[in-house]
Amino acid sequence: MVSLSSYRMLQVLQGHIQPAAHRGRKTRLVTKDGRCNIEFGNIEYSNHFAYLLDFWTTFVEIRWRFVLLLFVASFTGSWFVFSLLWYWIAKSNGDLTGQNRTDGHVQCIDNVNGLTTAFLYSLETQTTIGYGGRALTGHCAGTVALIIIQSLIGVFINCFMCGVILAKISLPKRRAKTVTFSDTAVICLKKGVLCLLLRVANLRKTLLIGSQIYGKLLRTTTAPDGDTIILDQVDIDFMVDSGKDNLFFVCPLTLYHVINTSSPFYELSADSLPHQDFELVVFLDGTAESTSSSCQVRTSYIPQEIQWGFSFLPIISRTKTGKYRVDFSNFSKSVRVTTPHCVHCFETDADQRSHNQENQDKQQKLGIDNLGFQVIDIHDSMDVTKM
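None of these values were measured; they are calculated from a predicted model. (Residues numbered from 1 in each chain as written. Predicted model: local features only at pLDDT ≥ 70, side-chain atom pairs only at ≥ 80, totals over all residues. Heavy atoms only, no water.)

**Here's the deal with the packing of aromatic side chains**
For the structure on display, the rule yields eleven aromatic pairs. With 5.0 Å between their ring centres and 85 degrees between their planes, W86 and Y121 make a pair best called edge-to-face. With W86 in helix α4 (residues 64-93) and Y121 in helix α5 (residues 115-126), this pair connects stretches of sequence that are 35 residues apart. Each member of the pair, W86 together with Y121, is buried. Cluster of aromatic residues (ring-pair linked, three or more members): F55, W56, F59, F156 and F160. Over the ring of W64 we find K168, and its NZ or CZ is 5.3 Å from the ring centre. (Phe/Tyr/Trp six-rings, centres within 6.5 Å; stacked < 30°, edge-to-face > 60°. Helix = DSSP H or I, 4+ residues; strand = E, 2+ residues; numbered from the N terminus. Buried < 20%, exposed > 50% of the residue type's maximum accessible area, 1.4 Å probe, protein only. Lys NZ or Arg CZ within 6 Å of the ring centre and 35° of its normal.)

Here it is in structure tokens:
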């Protein structure tokens, strides 16, 4: 067994490489996989009828277990209801076994002798099986009308259930499952400025056309009049080196947000970040190339999932055959890098370096005073030597 001291030593030796952070225990509005953690309370009872009016969306959005239950119940229920009607017609006409039949009795349905055979006849009619053992005689107008009604209702149930299943299978959020974000975000220097970085990857080779990336910072604030605003939203702009709109999303991208005076992270530091109470929600909108359906991918980061002073490990390399290879084992891993303690510290150091550089440039331009140089006055009266 490994001793506690050896385990701590191993942690120290591996401290320069940081794996993906554990998910925070803070209650989120948006989970890591994009689901919204919210519930509605005290809704008026009359508003529930709105779900029935928009029944198509209701059936598409319910869970698969309820869709399968609805599928079985709709078919089985329709078979049973129509079996009762067929049984009633057969009984009213005296076609059942045990009923007294006259010599000139005309049957409406052949071989329907009870409720079980009526159910079998209803199933065979609606599913168009037609074994041939049970059939209409054509002598009763009611049976002709009933078989037309059952056939139409059966076609409607088939179309509706197939549409619901197909719509659920082709939901855009299923495409969003193949777009993933890094488990953590990092704060480090990028191109001489302090930035917040995170990664996003498309796991399919088909593109998301017209992709747009943006973020929302959710936090609780206090208004000037003293009112507390829960889930106050602040816009967060994310960019990549190629721009922020219409991204060529064929390989993992590193998004960055510049922390400047207009950024809500401007007052943060490496010490105060873990004690903050906010949630950074990141959105990626795009259109699936294969289905032309719009989809949105969401994730969120809490302060405990933002690492100050770390940078992501490289994941893109080129093979000997000329292909580009993405190593997803390092997708969420980061390495410690030299980073200012806070934005103010970085700006102060930058101003000091700029001031020193200006002084050096000024001295090089004006020259340096030589303290050993003596100034000699030259008078106008000078001795003139005559030839």
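**A closer look at the state of the cysteines**
With the rule as written, the count across this model stands at one disulfide. Across the disulfide from C108 sits C140; the S-S distance is 1.7 Å. Between C108 and C140 the sulfur-sulfur dihedral comes to about -65 degrees; the bridge is accordingly left-handed. Of the two residues, C108 is situated in the loop between α4 and β2 (109-110) and C140 in the loop between β3 (135-136) and α6 (141-169); the sequence distance between them amounts to 32 residues. Its relative accessible area of 3% is what places C108 among the buried residues. On the accessibility criterion, C140 (16% relative accessible area) is buried. (Disulfide = S-S within 2.5 Å.)

**Overview of a nonpolar patch on the surface**
On the surface, a nonpolar cluster with roughly 300 Å² of combined accessible area is contributed by W64, L68 and I169. Considering the arrangement of structural elements, one finds W64 in helix α4. (Patch = residues over 30% accessible without salt bridge, like charges linked within 9 Å, V, L, I, M, F, W, Y side chains within 5 Å. Areas by Shrake-Rupley, 256 points an atom, 1.4 Å probe, with all protein chains shown as cover. Salt bridge = Lys/Arg side-chain N within 4 Å of Asp/Glu carboxyl O.)

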